[in-house]
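Take a look at the letters that make up each chain.
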Amino acid sequence: MRKPTKPTELSSPARRDFLGQGGSVLAWAGLASLMGQQGIALGETAPTRLPNFAPKAKRAIYLFMAGAPSQIETWDYKPKLESMFDKDLPESVRSGQVLTGMTAGQARFPIAPSAFKFQQHGRAGHWVSDLFPWTAKVADELAVIKSVYTDAINHEPAILLISTGVMFAGKPAIGAWLSYGLGAINEELPTFVVLTSKMPWTVNVQALSNRLWSSGFLPPEYSAVALRSGVNPVLYLKDPPGVDRGMRRVMLDGVNQLNHHLFERVKDPEINARIGQYEMAFRMQSSVPELIDLSDEPSSTWDLYGERAKEPGTFAYNCLMARRMAERGVRFTQIFLRSWDHHTTLPRAVRLMAEDSDRPTYALVADLKRRGMLDDTLVIWGGEFGRTVYSQGHLTQDDYGRDHHPRCFSMWMAGGGIKPGISYGETDDFSYNIVKDPVHVRDLHATILHQFGFDHDKLTFRFQGLDQKLTGVIPAKIVSELCA
Amino acid sequence: MSVRARLSLIGALCILGLIGLALFAPPDGQTRSELAQFLGDFHPLAVHLPIALLLLVPVLEIAGRSPGRRQLRASAGFVLGVAVLCAIGTPYLGWLLAWSEGFEGGFVTQHMWGGIAVATAALLCWTLRGGVTDAGALAEEQVSRYPLPTAYVGLLAVTVLAVVFTGYRGGQLAHGDNHLTEHMPARLKAWLGLPPSHSSGGGERGTTFFAMRIQPIFEQHCLLCHSQNKHKGGLRLDSYDHLARGGKDGPVIKAGDAIGSELFRRVSLDPGNEDAMPAEGKPPLVAEDRKLLELWINAGASPIVGIDAVAGAPAAPKPYEPLTPDYRPEQPLITQLEASLGLRLVPRSQNPLDGLILRTASFPAHCNDAALSKLAPVARYIVDAELSRTPITDAGLKTLAQFSNLRALDLSHTAITSAGLGALAELPKLETLNLTATVVDSTGLGLLRKRPSLRRVYVFQTKVTPGEPVDSGG
């Protein structure tokens, strides 16, 4: 029996639910026993949850620029700053904002114009920084949002907020919500995959942790599988000498039987997740070697992504891998590229970051496009907050730094039913305050869920007495102007 | 003259008073003094008392037939008495409400006369039952044997019917015409011979801006109080003619001048304002709706201006069109096919008319030509066929030609050839075709040229083009 169930229903009755919603679970259990079911084991026919309406996007690839790239050097073109070099930021612009400890003590807040020039590109006429000559070629595919803002001014809360909707650890990531809501396209591969990238610049790097891609209070099988950035994305993929597939299967069946016994006794959903993980690992032994074997790529791939994409762990390799996973039915791939946190020597650092990531970013969008996958693959690019217009510390024409700035930053999205070639939102002449069409992080989340067919208020999970949702309790707004 | 007779006479006089009010001071859409409105507002509250009591009377009478419950029949008379008192008092409040708050219309009139009928019938019941009530003094065994007058039984039945009718009309006035049928299961509705719920933005509205964009706003927010059955303030908004006629105080729209239009002013007020519409704490219009009204009035408030002819109006949401028939009746077959063929038929959304996705990514090898041909009985539900990397061949494409509702077809990384593509030209609704990494060439594409619905064909890594980095689709 497989029928659409409401998003809030669990696939198997868990002990917590007995405590939380006793009556209905008892009724559920009674019904299940009437129908002769033993309870539905995960990984078999887990009930499908369905989008509220037909989705535009089937998959997403999130290029997460951790550390927060400066919007002023990248997407938020501010020509008026050029004449304001080293002038003080007017007090009225900052209007009493509390700054971080890194610049709050500065005697003055001198304006630092971008060290990089901008040009208009494509029919859309996007102003794109000279840092991104490759991405500029797909400008007409991008919807650039210049008015994203967040609540947090430091990395960890801000990166959690944009990854999970809440500043504290313990909530499910966007990818976990989508896995929970939509299920797998390909059951032989993980639904939600995280790839971390080698860094071209390693000054002032923030740590990443699996809090950013965990399933939080959702059942654990919706967590991301993080692949390693080395030569072996998955360790111990091959069976050890002397153990063939059949023997491995027999062993797994035995372990699973023990785990099922334990689950029957204690009803801890973590046990089911463990069974699911063993099974996923077994399936990945077959599916991953084919996934990471790049020998079937035509030469046009390397022409597009560049030779660096052959080196495992580079951002370029990860972009190519994300495309291969999207082709094979991975729902949500999140590629982290760290080290965008340029408090000092920003021009030098941002140039290195851009050189490393610009071409693969372009290649990914262009590749999805030519393979007919951009229509239903949502690509998201951005960091966790913006950076200040004033320089942190030392300022010259080509050397300066920028502090954290939560009041505005730029992101872009492409494909997945997003309107191509548009710019949304505006900041003031200092890229300091939003003057038109602000987009809070939760609005961005609501819009992403919308592209996957979900009403963000309806994709919920009962936890701690609340119908929890990605966008939280403050009303979120779908940015309908971004939706094609 | 007995006490009962005297009381009956007083009751009859009170009912005559009601009839007088109904005839000579009927609700006329005017609003009147605050005090009258204040008292009138108690009508919807008080009305439940006589309803409950009048319905209790037959329960007591019937239950009282059983020897063990004779005392119930003895109390039926008293309950009826209280019910009559309430049934006469409540219509007065009702009249106050309707008369002072600008009610008017067919349902108002019917509800009013219904109320008077209930009061009259209840009073007659009480008068006729007289002897039985006085039987409280009789010995218990006599009570149960004491027959109820036939006229009383008949009249009581009439009273109950009148209560049902009047209560239903009252419910319609308070909660909308369809308050009982709105969420009725479709099958029950069909069985009762009721029309199915109209979906918003239905197809028969025509193509004017008024019909498609403005009228739906009125339907959602205004018609409860301003339509055929209830026109508060003398205003009806259920058609353009009525809107143009305006209300008791004159026109409510001024063509070309939204700010100067009473209707726009009232819906734009702060919800706390006494003049704000919709009134009585009903949800206010959303900004988009107000914007549409403003643009339309400023553009001349014409009933015939085209749907796209009002400058600046955001595009109307497209009316929903089912993509496929409802697959749910075939669910057992679908489940069985999934299991036997090792592939998935996934609903695209919670709406069963959005169709199914044929999903093969877990085991592409399972979906060969033979498997595809077994899907024929459910082919019309499939909107999106993900056949990338499957072993299908040109023979399979012939089967696909029967997938009459297919919109998207992914044939990338398969062994199909140009020769097979001709079969796809039969697909009437195909919009997206992915031929990436196949051996098709320009001849094959030529066969698809006559397919007008086809919007995107992807031919990267084929013999069609060497593969431009971008824009090779289309």
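Predicted model only: the values in this text are computed from it and were never measured. (Residues numbered from 1 in each chain as written. Chains lettered and ligands numbered in written order. Predicted model: local features only at pLDDT ≥ 70, side-chain atom pairs only at ≥ 80, totals over all residues.)

A. Region of the structure containing the overall build of chain B. Within chain B, the secondary structure is distributed over 18 helices and 8 strands. Taking all 474 residues of chain B together, the buried fraction comes to 36%. Partitioning the contacts of chain B with sequence separation of at least 6, the portion at a separation of at least 24 is 64%. (Helix = DSSP H or I, 4+ residues; strand = E, 2+ residues; numbered from the N terminus. Buried ≥ 20, exposed ≤ 12 C-beta atoms within 10 Å, placed from the backbone. Contact = placed C-beta atoms within 7 Å.)

B. Fine view of the environment of Asn232 of chain A. With respect to the secondary-structure elements, Asn232 of chain A resides in the loop between β6 (225-227) and α6 (245-266). Spatially, the C-alpha atoms of Asn232 of chain A and Pro289 of chain A are 9.9 Å apart, while their sequence positions differ by 57 residues.

C. Here's a closer look at the interface of chain B and chain A. Every contact between the two is made by 23 residues of chain B and, on the other side, 25 residues of chain A. Elements with a minimum of two residues in the side of chain B that touches chain A: β3 (344-347), β7 (432-434) and β8 (456-458) of chain B. Class assignment of the residues belonging to the side of chain B that touches chain A gives a composition of 7 nonpolar, 12 polar and 4 charged. (Nonpolar A, V, L, I, M, F, W, Y, C, P; charged D, E, K, R; others polar.)

D. The arrangement of α6 of chain A in detail. Residue and element names in this part refer to chain A. Over its 22 residues, α6 extends 31 Å from the first C-alpha to the last, a length consistent with the 32 Å expected when each residue adds 1.5 Å. The buried fraction of α6 is low, at 1 of 22 residues. Lys267, located one to two residues past α6, shows a positive phi value of around 55°. (Expected span 1.5 Å × (residues − 1).)

E. Expanded view of the nonpolar core. Residues and elements named next belong to chain A. Membership of the largest hydrophobic core comes to 118 residues, with the highest contact counts inside it found for Ala143, Val379 and Trp412. Looking at which element gives the most residues to this core, the answer is helix α10 (residues 346-370), with 11 residues. Those residues in contact with Val379, other than ones at most four positions away along the chain, are Ile61, Leu63, Leu364, Val365, Met413, Ala414 and Gly415. (Core = buried A, V, L, I, M, F, W, Y, C linked by C-beta atoms within 7 Å.)

F. View of the pairing of strand β8 (residues 377-382) of chain A. All names here are of chain A. Counted residue by residue, β8 has 6 buried out of 6 residues, so it is predominantly covered. Side chains Thr377, Val379 and Trp381 project from β8 onto one buried face, and the interleaved Leu378, Ile380 and Gly382 project onto a second face that is buried too. Where strand β1 (residues 59-65) and β8 come together, 6 bridges link them in parallel fashion. Counterpart to Phe64 in the pairing with β8 is Gly382. Across 3 bridges, the pairing between β8 and strand β11 (residues 409-414) is antiparallel. Within β11, the residue paired with Trp381 across the bridge is Trp412. (Pairing = 2+ DSSP bridges.)

G. Structural context of the environment of Arg70 of chain B. Residues and elements named next belong to chain B. Within the secondary structure, Arg70 is located in helix α5 (residues 70-100). For Arg70, a count of 17 C-beta atoms within 10 Å corresponds to the partly exposed category. Along the sequence, Arg70 and Leu60 sit 10 residues apart, while their C-alpha atoms lie 9.3 Å from each other.

H. Fine view of the pairing of strand β9 (residues 386-391) of chain A. All names here are of chain A. Of all 6 residues in β9, 6 are buried, a share of seventy percent or more. Note: β9 against strand β10 (residues 402-405), 3 bridges, orientation antiparallel. Counterpart to Ser391 in the pairing with β10 is Arg402.

I. Quick peek at the sheet that holds strand β4 (residues 356-359) of chain B. Residues and elements named next belong to chain B. The strand order β3-β4-β5-β6-β7-β8 describes an open sheet built from 6 strands, whose pairing is mixed. The two strands at the open ends of the sheet, each matched to only one other strand, are β3 and β8. Ignoring which end each strand starts from, the neighbouring axes of this sheet average 15° apart. In terms of strand pairing, strand β5 (residues 382-386) meets strand β6 (residues 408-410) through 3 bridges, oriented parallel. Residue pairing across strands places Ala385 opposite Leu409, the latter belonging to β6. (Axes fitted to C-alpha atoms, helices over the stretch in contact; angles between N-to-C directions.)

J. Local environment of the packing of helix α4 (residues 48-63) of chain B against helix α8 (residues 150-175) of chain B. Residues and elements named next belong to chain B. At a minimum axis distance of 10 Å, the contact between α4 and α8 shows a crossing angle of 150°. Considering how the two elements wind past one another, α4 and α8 form a crossing that is left-handed. For the pair formed by α4 and α8, the contact residues are Ile51, Leu54, Leu55, Val57 and Pro58 on the first element and Leu156, Thr159, Val160, Val163 and Gly167 on the second. Across the contact of α4 with α8, the residue classes tally to 8 nonpolar, 2 polar and no charged. (Left-handed = near helix turned anticlockwise from the far one by under 90°.)

K. A look at unusual backbone geometry. Following Met277 of chain B, the chain continues to Pro278 of chain B via a peptide bond in cis, the omega torsion being -5°. As for its placement among the helices and strands, Pro278 of chain B is situated in the loop between α12 (262-268) and α13 (287-298). One non-glycine residue, Lys267 of chain A, adopts positive backbone phi at about 55°. Topologically, Lys267 of chain A is positioned in the loop between α6 and α7 (269-292). On the neighbour-count criterion, Lys267 of chain A (17 C-beta atoms within 10 Å) is partly exposed. The phi torsion at Gln461 of chain B lies on the positive side, around 60°, for a residue other than glycine. Mapped onto the fold, Gln461 of chain B is located in the segment after β8.

L. Examining the confidence of the model for chain B more closely. Residues and elements named next belong to chain B. Of the residues in chain B, 92% reach a pLDDT of 70 or more, and the chain-wide mean stands at 84. The low-confidence segment residues 198-204, where pLDDT is below 50, has 5 contacts with residues more than four positions distant or belonging to other chains. Throughout residues 467-474 the model reports pLDDT below 50, and contacts reaching past four residues in sequence, or to other chains, amount to 23 contacts. Predicted as a complex, the structure gets a pTM of 0.69 and an ipTM equal to 0.86. (pLDDT = per-residue confidence, 0-100.)

M. Looking closely at the environment of Ala370 of chain B. Residues and elements named next belong to chain B. Within the fold, Ala370 resides in helix α15 (residues 369-374). On the basis of neighbour count, Ala370 is assigned to the partly exposed category, with 13 C-beta atoms found within 10 Å. Placed 29 residues apart in sequence, Ala370 and Leu341 show a C-alpha to C-alpha distance of 9.6 Å.

N. Broad picture of the packing of helix α1 (residues 3-24) of chain B against α5 of chain B. All names here are of chain B. Direction vectors running N to C along α1 and α5 enclose 20°, while the axes themselves pass 10 Å from each other. By the criterion of interaxial angle, the relationship of α1 to α5 is roughly parallel. Between α1 and α5 lies a crossing of left-handed hand. Residues Gly11, Cys14, Ile15, Leu18 and Leu21 of α1 form the contact with α5, whose participating residues are Val84, Ile88, Pro91, Tyr92 and Trp95. (Parallel < 35°, antiparallel > 145°, perpendicular 65-115°, else oblique.)

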